[in-house]
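# What the coordinates show
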Amino acid sequence: MTLKNRISLLVSLLFTVLFGLASTLIFVLYANFRKEEFRDRLEIKALSNIKLLVNVKEIDNQLLKIIDQNSINKLYNEKTLVFDSNYHLIYSSIDDAKIDWSINDLKYLKKHKTLFKQQGDYEVYGVFYDTNDKDFYALISASDNYGKRKLLYLRYILIISYVFFTAICWIATSFTVKKAMNPLGIFHQKIKKINENNLDTRVLIKSNRNEIDLIANEFNFMMDRIEISYQKQKEFTAHASHELRTPLSRITSQIENTISKQETDTESKAFLRNILTDVNQLTELIHSLLILSKLDNKKHEYKEAYRIDEILFSSIEKINKTYPDFVILFGIEENENLESLLEVRGNKTLLEIAIVNILKNACVYSDNKQAVVNIRSQENNLIISVSNTGTTLDDEEQKNLFQPFMRGKNSKGTTGFGLGLRIVQRILVLHKASISYCTPEPNTNQFEVTFHF
Amino acid sequence: MKILLLEDDFTLSKEIKDFLSSKSFECYSFYDGGLLIKHYVPDTYDMIILDINVPGKNGIEVCKAIRETDKKTPVLMLTAFSEIDDKLNSFQNGADDYLVKPFHFEELFARISSLLRRKEIPQQIQQKIVVRDMEILESEMKVFRAGEEIKLTPKEFKLILILANANGNVLSKQYIADKLWDYHIETNQNTIEVYINFLRKKIDKDHDIKLIHTKIGYGYYLKEEE
């Protein structure tokens, strides 16, 4: 579960429980308050009946009944019973309501002075009234319809508000937490996309100075340090490659001059030619490393468009300077939108390096110094396929084909460092293109470069 | 032939000098850019070779200073920097060619010879081929139709030139293929059709009178009217 969901769930649950407890407490307290209040009213009524009956000589049973009937304080379904010290009923109000009573109730009353009990819908209150010469017991029962209606109304209010506000709380919490955690989501998305090509990515910091902003700030500092060290590493490769060029030129020129001298004997010339071959290889390696270090730059939005077939032709021209016997069987497939697909936005020099490398590969690994190059379009993609006959790669070699310094079993006896295809892939990625290898027929190596539009 | 060399590496400078001497050039070398500018006399040398990263003034500054007084002498830049920006910077400051270290003497010699040849060849007379309302400026590699320039790729330009040079005669697909690509590239006839179509779209599409015609079963020709 994500932190966002966990926080919103916890907050919502906590609110649900607390609000539920608070509502229950309010209801219970109010119910007790109603009961107390009603008991007080019953007590006042019972005492007033006894006092009227006992202390006021002018009032007899009949008069008290009339007073009871017309009293504005009359309780709902009220029934009053008054007993003398011998537990004889001396007064009973005229209502139809009944009070279940027993001698034990009156005895309990004598002992405890008051009594309060629930009897169905009715509440019964008893009071013991002690005059100087006689004891009286009064039982009064009534139904607190007003109080109960208020209690019911309160219950509805509490239930509805509980449901309503709990729902609001769940929605609001989810929304608020989502909003509060949104910068963290953006942060996560940005970090996920960081690779060696976009080390300049930084997270936007607001001035809230909350925990996310603090982390983002530290993250940006960390990215600064990573970018600087990455840059230094790249610059080192670039500078080292540059610096190696002059001593290499020195070696090459000295060897070439010594070879061309007449006084140099044949054996020494052969020896020097071997060294020159090694120097050439070293030069090639340095050149490749320099290209790779430069290719780590961020992706460019190339504005200039170039015809890829023209780049192919100039690449063929270049490769033929090194491999004059190499022949290309070139074909292009006619298609309605081929001409527009041939226009590729990019860096001409880099694309030429990529194509030269693919062609060089085809030449070096072909068994007949020939390669078939085809240009075709497929589903709005431009595909350049380069194939040659010769030893093919096994599955394991194919997996690592684009890894640096990877050389297949078929590379025995050929010069190279296994950087060519790595460079090709890096250049093509920069141009939103891809390269794949397959063996369409036995003993046929085929590379397909796809430019996606 | 006199060649002026600016190279701060003593060994390399000596080797280049030896090589150029073996090719019958008189080579004068400097190790400091500032000194070279101070002692430079315009139109004294047939060729100037400049390393970029040298003490005093760098090769590009030296080239710029030379070009203020000497526009003719070919300048070849020789440097360890191979970036396109470095090359462009050199060309913008008056260099004629660029050779990246390490290099082979054969290539250095080839480039020197090429630059010297270019210097000696007088400016070519503008050759214009006109077919109805289409004009082909060969040396500028430009094509105009009804006064408007048509942007062609180098291969398309070569193709229109091959057709135009045939003076309206029909050329077979094989002949065009042989002329269009050198012996290192072999193509099928369909490829020629594709390139003829590219050319038709650019040359004829927006015009009522078509200039590129097909002779079915044989080839193509360029003519004012059929």
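Every value quoted in this text rests on a predicted model; they were computed, and no experiment measured them.

## Some remarks on the overall build of chain A
Helix and strand content of chain A: 11 helices and 12 strands. Among the 453 residues that make up chain A, the fraction classed as buried is 24%. Pairs at least 24 apart in sequence give 64% of the contacts found in chain A among residues at least 6 apart.

## A short note on the overall build of chain B
Scanning chain B from N- to C-terminus turns up 8 helices and 13 strands. With 226 residues in all, chain B has 29% of them scored as buried. The contacts of chain B with a sequence gap of at least 6 include a subset with a gap of at least 24, amounting to 53%.

## Considering the interface of chain A and chain B
Taken residue by residue, the interface counts 29 residues in chain A and 31 residues in chain B. It is helix H5 (residues 211-260) of chain A that provides the largest number of residues to the side of chain A that touches chain B, a total of 12 residues. Its residues placed into classes, the side of chain A that touches chain B shows 9 nonpolar, 12 polar and 8 charged. Pairing of strand E7 (residues 327-332) of chain A with strand E11 (residues 185-187) of chain B involves 3 bridges; the strand directions are parallel.

## Remarks on the pairing of strand E13 (residues 219-222) of chain B
Residue and element names in this part refer to chain B. As defined by bridge partners, strand E10 (residues 171-172) adjoins E13 across 2 bridges and the pair is classed as antiparallel. Directly across from Ser172, in E13, lies its bridge partner Gly219. Note: strand E12 (residues 212-215) against E13, 4 bridges, orientation antiparallel. Across the sheet, residue Lys215 finds its bridge partner in E13, namely Gly219.

## Some details on the sheet that holds E13 of chain B
As summarised here, the arrangement of the 3 strands in space is E10-E13-E12 (chain B), forming an open sheet in which the pairing is antiparallel. Each edge of the open sheet is held by one strand with a lone partner, namely E10 and E12 of chain B.

## Some thoughts on the nonpolar core
Formed by 62 residues in total, the largest nonpolar core has its most connected members in Ala354, Leu359 and Ile427 of chain A. Core analysis: the next-biggest nonpolar cluster, separate from the first, contains 30 residues, Ile3, Leu5, Ile16 and Phe30 of chain B among them.

## What about the sheet that holds strand E3 (residues 47-51) of chain B?
All names here are of chain B. Taken in spatial order, the 5 strands of this open sheet run E2-E1-E3-E4-E5, and their pairing is parallel. One side of each edge strand has no neighbouring strand; the edge strands of this open sheet are strand E2 (26-30) and strand E5 (97-100). Adjacent strand axes in the sheet meet at a mean angle of 20°, parallel and antiparallel pairs treated alike. Pairing between E3 and strand E4 (residues 75-79): 4 bridges, direction parallel. Counterpart to Ile49 in the pairing with E4 is Leu76. Helix-sheet contacts for helix H1 (residues 10-22) involve strand E1 (2-6) and E2, and the interaxial angle to E2 is about 165°.

## Regarding unusual backbone geometry
Following Lys101 of chain B, the chain continues to Pro102 of chain B via a peptide bond in cis, the omega torsion being -10°. Although it is not a glycine, Met141 of chain B sits at a positive phi angle of roughly 55°.

## Quick notes on the packing of helix H6 (residues 154-165) of chain B against helix H8 (residues 189-203) of chain B
Residue and element names in this part refer to chain B. Two elements in contact, H6 and H8, have axes separated by 10 Å at closest approach and are oriented at 85°. Relative to H8, the element H6 is oriented roughly perpendicular. Contacts between H6 and H8 involve Lys155, Glu156, Leu159 and Ile160 on the former and, on the latter, Tyr195, Phe198, Leu199 and Ile203. Counted by class, the contact of H6 with H8 contains 6 nonpolar, no polar and 2 charged residues.

## Topic: the confidence of the model for chain A
For chain A, per-residue confidence averages 84 on the pLDDT scale, and residues scoring 70 or more make up 94% of the total. Averaged pLDDT values for the elements of chain A fall to 71 in helix H2 (residues 61-70) of chain A and rise to 93 in strand E10 (residues 381-389) of chain A.

## Regarding the environment of Trp181 of chain B
Residue and element names in this part refer to chain B. Among the secondary structure elements, Trp181 is positioned in the loop between helix H7 (173-180) and E11. For Trp181, a count of 19 C-beta atoms within 10 Å gives the class partly exposed. As a C-alpha pair, Trp181 and Lys155 span 26 residues in sequence and 8.7 Å in three-dimensional space.

## A few points about the pairing of strand E5 (residues 135-142) of chain A
Residues and elements named next belong to chain A. Burial analysis of E5 places 7 of its 8 residues in the buried class, the great majority of the element. Relative to E5, strand E1 (residues 79-83) runs antiparallel, the two being bridged by 5 bridges. Pairing of Lys79 across the sheet is with Ser141, part of E5. As judged from the 8 bridges shared by strand E4 (residues 122-130) and E5, these two strands associate in the antiparallel manner. Bridged to Tyr129 within E5 is Phe136. Between the end of E4 and the start of E5, which pair antiparallel, lie 4 residues.

Thresholds applied
- Think of each chain on its own: its residues are numbered from 1, step by step along the sequence as written.
- Chains and ligands are labelled sequentially in the order written, the chains with letters from A and the ligands with numbers from 1.
- Where totals are concerned, whole chains, interfaces and linings use all residues; where local detail is concerned, this predicted model gives features only for residues with pLDDT of at least 70, and gives and counts side-chain atom pairs only at 80 or more.
- Numbering of helices and strands starts at the N terminus; helices are DSSP runs of H or I of at least 4 residues and strands are runs of E of at least 2.
- Here a residue counts as buried when 20 or more other C-beta atoms fall within 10 Å of its C-beta, as exposed when 12 or fewer do, and as partly exposed in between; the C-beta atoms come from the backbone.
- Two residues form a contact once the distance between their C-beta atoms, set from the backbone, is within 7 Å.
- Note on residue categories: nonpolar means Ala, Val, Leu, Ile, Met, Phe, Trp, Tyr, Cys or Pro, charged means Asp, Glu, Lys or Arg, and polar means any other residue, Gly included.
- Any two strands with at least two DSSP-identified bridges between them are counted as paired.
- In this description, a nonpolar core means buried residues of the types Ala, Val, Leu, Ile, Met, Phe, Trp, Tyr and Cys, linked to one another by C-beta atoms lying within 7 Å.
- In this analysis, axes come from line fits to C-alpha atoms, helices being fitted only over the stretch in contact, and the angle between any two N-to-C directions falls in the range 0 to 180 degrees.
- The cut-offs work like this: below 35 degrees is roughly parallel, past 145 is roughly antiparallel, 65 to 115 is roughly perpendicular, and the gaps in between are oblique.
- Per residue, pLDDT captures the predictor's confidence, and it can take any value from 0 to 100.

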